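A structural walkthrough
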Amino acid sequence: MSRPLWKESAAAISARVRAGEITAVEAMDAGWDGPASLWEHDVHAVVHTDREARHAAAEAAPARGLLAGVPVLVKDNLCTVDYPTTCCSRILAGYHAPYDATVVRRLREAGAVIVGKGNMDEFAMGSSTEFSCYGPTRNPWDLSRVPGGSSGGPAAAVAYGLVPVALGSDTGGSVRQPAAFCGVYGLKPTYGRLSRYGLVAFGSSLDQVGIFARHAGDVATTFAALAGWDEYDATSRPAPAPDVSNWDAGVTGLRFGWPANLWANGVDGAIVDALERSANALERAGGTRVPMEFLPGEYAVAAYYLVATAEASSNLARFDGVRYGLRSSDATDVRSLYVRSRSEGFGPEVRRRILLGTYALSSGYYDAYYLQAQRARTRIRREYARAFESCDFLLLPAAPTLPFRVGEKVDDPLAMYLSDVFTIGANLAGTPGLSVPVGVTPEGLPTAVQLLGPQDGEGALLRAARAIEVNGDVARLPREHEVEASWPGKR
Amino acid sequence: MRIDRDEVRRIAELARLEIADDDAAAVAGQLSGVLDFVATLQQLDLDGCEPSTFAPADAPPREDVPGVRGLDPFAATAAAPESDEGYFVVPPVVENVNP
Amino acid sequence: MAWEAVIGLECHIQLRTRTKMFCECEVVFGDEANSHVCPTCLGLPGALPRLNAGAIRMALRLGLALGCDIRHESQFARKNYFYPDMPKNYQITQYDRPLFEHGTLPVVVEGEAREFALTRIHCEEDAGKSFHPERTGDRSRSRVEFNRAGTPLLELVTEPVLRSPADCAAFLVTLRRLVRALGISDADMEKGQLRCDANVSLRPEGASLLGVKTELKNLNSIKGVERGVAAEIERQRRALDSGERIVQATLLYDADHDKLAIMRTKEQAHDYRYFPDPDLPLLVVSEAELEQARASLPELPWRRVQRFVAQYGLPPYDAAVLGDSRELADYYEECAAGLDPKFVANWLMTEALRAVNERAWDVARWTAQVPAARMADFLGRVARKELPGPLAKQFIGWLADEAGGVDELLARHGVSVKGTAEDLRPIVKAVLDENPGPVAQYLAGKTVTMGFLVGQVMKKSGGQAVPTLAQQLLIEEMAARS
Ligand SMILES: [Mg+2]
Ligand SMILES: [Zn+2]
């Protein structure tokens, strides 16, 4: 008997939609009105959706394309004409964008159905999805824990079967870290590969749209549907995107870097174990382990928190209560309009980062902070380039810990920032990274590893992920049995 | 403490944010903590490392030809908190000239 | 103490592109508010800038014309400040890596050729427009619209090398002539297509250090720049003479009342937090693009003026007037072909331009009404003395206001020209007979009497005599009689 539709891969769904066996509406309802939807209240992955709009979109979707009939949740910082786009911030409450982000447009062109907007840390600033003005998303594996962030909503939605594919954004790990916490695949492509047009900017030189899925092949398919030059994004790259159709071709002959100095201490034992199992799986599949030393991630975190916040302080200046978004009612002149609207509209973490970035750029501090960080960034880029001279990709943790508890790090910015210690470097280097789920701990929490590649190295990352999927442990849907038992139709 | 309360107020002014007096010390402490951490960069050998520039300049330029993504005055002001006859409306500007 | 003024100018030149600097909206002024906007120039969340290659091609023409050093990889930066007509609350401009540095603008000031050194020229985007309470009527509200937001500007900054209001005016006139000749801007100051701020300081004459400067804004005509700078020099002179110190400040010039108002002092100076714009790649200018721009350059106005002096023997002043616009210079050269260039220059500068001014026309209207061929035909006859002076001056009006060739116009106005010696000799003889006194005076050496005698001939001929011919005949006849 085939799997229930809500557990199916995007590939299977689109094949059946194209063949006329099922409709896009059925595919969507399987997730949305099926067993997965029972969790939505507890998990709170979705912040804007609408049954009418979903159905209208599903009915209008063409039954062709790489993602024909595939329901997709997109993070709330990607502009969509049919749902609000608020970045989960009070300052954009009720805002409707008059245009679709390029990636959203391409999803629709590929036959996908946008089902709503995923929860996130406000303006993508956070690593736990606790800083959302709509309230936090919970980890579907353990509701007392965070799903990671900032793309926690899309990651959680894919993990518990609401949708097979979701889009997030990754500025310092915001796709890869929640993917790891939620036990799904999460790809951050090469900078410039997926258009940023319509992605509300956080750190423009670091931001990249990313892809969540429960199967390596679905990541590849979605990447193929979205990648490519966009004339509306001057940082998008005109060279053809790498061909990822050989994601199932195995890893024979590929060398993977093994920078064990990075997890010598401070990394959860379950993750070190996951790294060993993944390395073994890759070796069994014909890959070669290349032990190496690598620059500790703390430098990247330090450079990142200056560059990203500097860019953010400027990117978020446009939220001023003049043309859209929240306007304070007690403004008497333009000055107070700005100050009151921004202070009422931005949450504490966003305010903190705007202040830090403003400081790093301000007169007298620019050289010591912003410029120094950009020089460090050059150094980090060189480290990455050097590493890929001796291997095809690196194997390393996606995050130093398993999902932490809700509230554990909210008041300790630095501790929160350090949960991105393994992911941030790739954003500084502009290179791709992929989180790969590697089984579940005895306590029922997902574990994961991360693969980092050189520029345009997505193909090798996906092949390696697939090899681990086949030769090692794969994640299963969380609480699958409980849910199926509680689903009325199954009794 | 790398940043004191006065510094917080100066930055907040530049960023058009209001920091309550009660919060200024706490914010100063948090920012200083991050800056102390950021100081690890000083241990990194940056000889010969120019500041990174960003996007590769290999995309074809946009030709000077009008496109189709324009908005009409109604759509342009649709999300405005206050608008009138296609204009955005704001409280009076005190500092009177654009620098 | 004798003071010397030191002035630097910052000019903003609005480029005549079809679309804006960083988005594909059309550049149109005077239309309905917010009717030429898009997500990018409205600063909507998620929108991104894309550079207009056409604007850069125009910029290259200016940089080459002024002999600037061209940076092959220049960079866009963000200038951060909050203002309601700035959609993103930062302006995309260039900062420490501008497209052009150095270069000079050759300017003739009061007959003297000067070269004013430039600091830099860079590309940037314009802001939208705010309408403040005094304009909107409602005291509690300002209105903002963004049709101008994102339109392309070149900012040109001079070294502090100008010394007087006249320097400023001549600089701007020359710059305006240049950008028009290059076809990159209409540069009409009243329309804001050319804007100018002036940095003014005074120092003891002969000193080499610079004094404290003030920045003068809101100078929206060439006269306004001249008068505003003069007023500020005067204000500083008076302050310094009475022992006061100059405070670094930004001032607004109110042209209507010839008054200066302090807008902000240095304590309130901005911290713009410039940093490279991560949304835009480096602006790379290739040799091929430069070569193309070089090939597209017209003859530069000052080169043409120099050529008018050298080739046609025109005085520098005449050459400058006729070279003021490409249109007038082209017209002059067409009219002058085959005629005495100085003669043609005189006629165009005095009579034709006067007729243009009297009618409140522009040169284009004149050249359309009186094409060069028609004008040349007319001037040829004047040169060959087939049309007498007073008649010819009257004739200019007929050319301007009526259709038809020279002969047609003569016939229409019932004029027959007494243009030959045979026509005039009887009249000349009669005048000599009737005025023995003046004739005697002339013969006794009082040559000014000739004017009187010519006048009598003109009068007797009903204004249709050619004066030079009349004079020649008078001299001949008197010689024959004495
Ligand atoms: Mg400027
Ligand atoms: Zn536009």
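Quick look at the structure, then. Just so it is clear, the model here is predicted, and its values are computed rather than measured. (Residues numbered from 1 in each chain as written. Chains lettered and ligands numbered in written order. Predicted model: local features only at pLDDT ≥ 70, side-chain atom pairs only at ≥ 80, totals over all residues. Heavy atoms only, no water.)

1. Quick notes on the interface of chain C and chain B
One frequently used descriptor of interface size is the decrease in accessible area upon assembly of the parts. As a reminder, the rule being used: Every residue pair with non-hydrogen atoms within 4.5 Å of one another is taken to be in contact. The term buried area refers to how much accessible surface (probe radius 1.4 Å) is lost by two components on association, counted for both of them together. Just to be clear on terms, a salt bridge is a Lys or Arg side-chain nitrogen sitting within 4 Å of an Asp or Glu carboxyl oxygen. Definition of a polar contact: a pair of N or O atoms within 3.5 Å, with one able to donate and the other able to accept a hydrogen when the atoms are protein atoms, and with sequence-neighbouring residues admitted only if both atoms are side-chain atoms. Helix and strand assignments follow DSSP, with helices taken as H or I runs no shorter than four residues and strands as E runs no shorter than two, numbered in order from the N terminus.
Counting residues at the interface gives 59 residues for chain C, matched by 40 residues for chain B. Together, the buried faces of chain C and chain B total about 4,000 Å²; carbon and sulfur atoms form 57% of this surface. The tally of links between chain C and chain B comes to five salt bridges. The salt bridge involving Arg143 of chain C is made with Glu85 of chain B; its shortest N-O contact spans 2.8 Å. Taken together, the connections running from chain C to chain B amount to 20 residue pairs in polar contact (both at pLDDT 80 or more). Going through the elements one at a time, α1 (53–65), α2 (133–136), β10 (142–145) and β15 (259–265) of chain C are the ones with two or more residues in the side of chain C that touches chain B. The leading source of residues in the side of chain C that touches chain B is β10 of chain C, at four residues.

2. Considerations on the packing of aromatic side chains
Rules: Pairs were defined over the aromatic rings of Phe, Tyr and Trp, the Trp ring being its six-membered one, requiring ring centres within 6.5 Å. Orientation was assigned from the angle between planes: stacked under 30 degrees, edge-to-face over 60, tilted for the rest. Note on exposure labels: buried denotes an accessible area under 20% of the residue type's maximum, exposed denotes more than 50%, and partly exposed covers the range between, all computed with a 1.4 Å probe on protein chains only. Comment: the charge-over-ring label is applied if NZ (Lys) or CZ (Arg) is within 6 Å of the ring centre and within 35 degrees of the ring normal.
Applying the stated criterion across every chain, the model contains 35 aromatic pairs over all chains. The interplanar angle of 70° and the centroid separation of 6.0 Å between the aromatic rings of Phe319 of chain A and Tyr324 of chain A together place this pair among those described as edge-to-face. You'll find Phe319 of chain A and Tyr324 of chain A in the same group, each marked buried. Ring centres of Tyr359 of chain A and Tyr369 of chain A lie 5.5 Å apart, and the angle between their planes is 45°; this geometry places the pair in the tilted category. Of this pair, Tyr359 of chain A sits in helix α12 (residues 348–361) while Tyr369 of chain A sits in helix α13 (residues 367–387), and the two are 10 residues apart along the sequence. For Tyr369 of chain A, a relative accessible area of 10% gives the class buried. When the ring centre of Tyr232 of chain A is taken as origin, the NZ or CZ atom of Arg69 of chain B, which lies over that ring, is 3.4 Å away. We note Arg359 of chain C situated over the ring of Trp361 of chain C; from NZ or CZ to the ring centre the distance is 5.9 Å.

3. Notes on helix α11 (residues 372–383) of chain C
Residue and element names in this part refer to chain C. Applicable threshold: Helix span, as expected, comes to 1.5 Å for every residue beyond the first.
Under the 1.5 Å per step criterion, the end-to-end length of α11 is 16 Å for 12 residues, consistent within 8% with the ideal 16 Å. For α11, the full list of buried residues reads Ala372, Arg374, Met375, Phe378, Leu379, Gly380, Arg381 and Val382. Where the residues of α11 are buried, they touch α8 (326–336), α9 (341–358), α10 (363–369), α12 (389–401) and α13 (406–412). Positive backbone phi, at 65°, marks Lys385, one or two positions downstream of α11.

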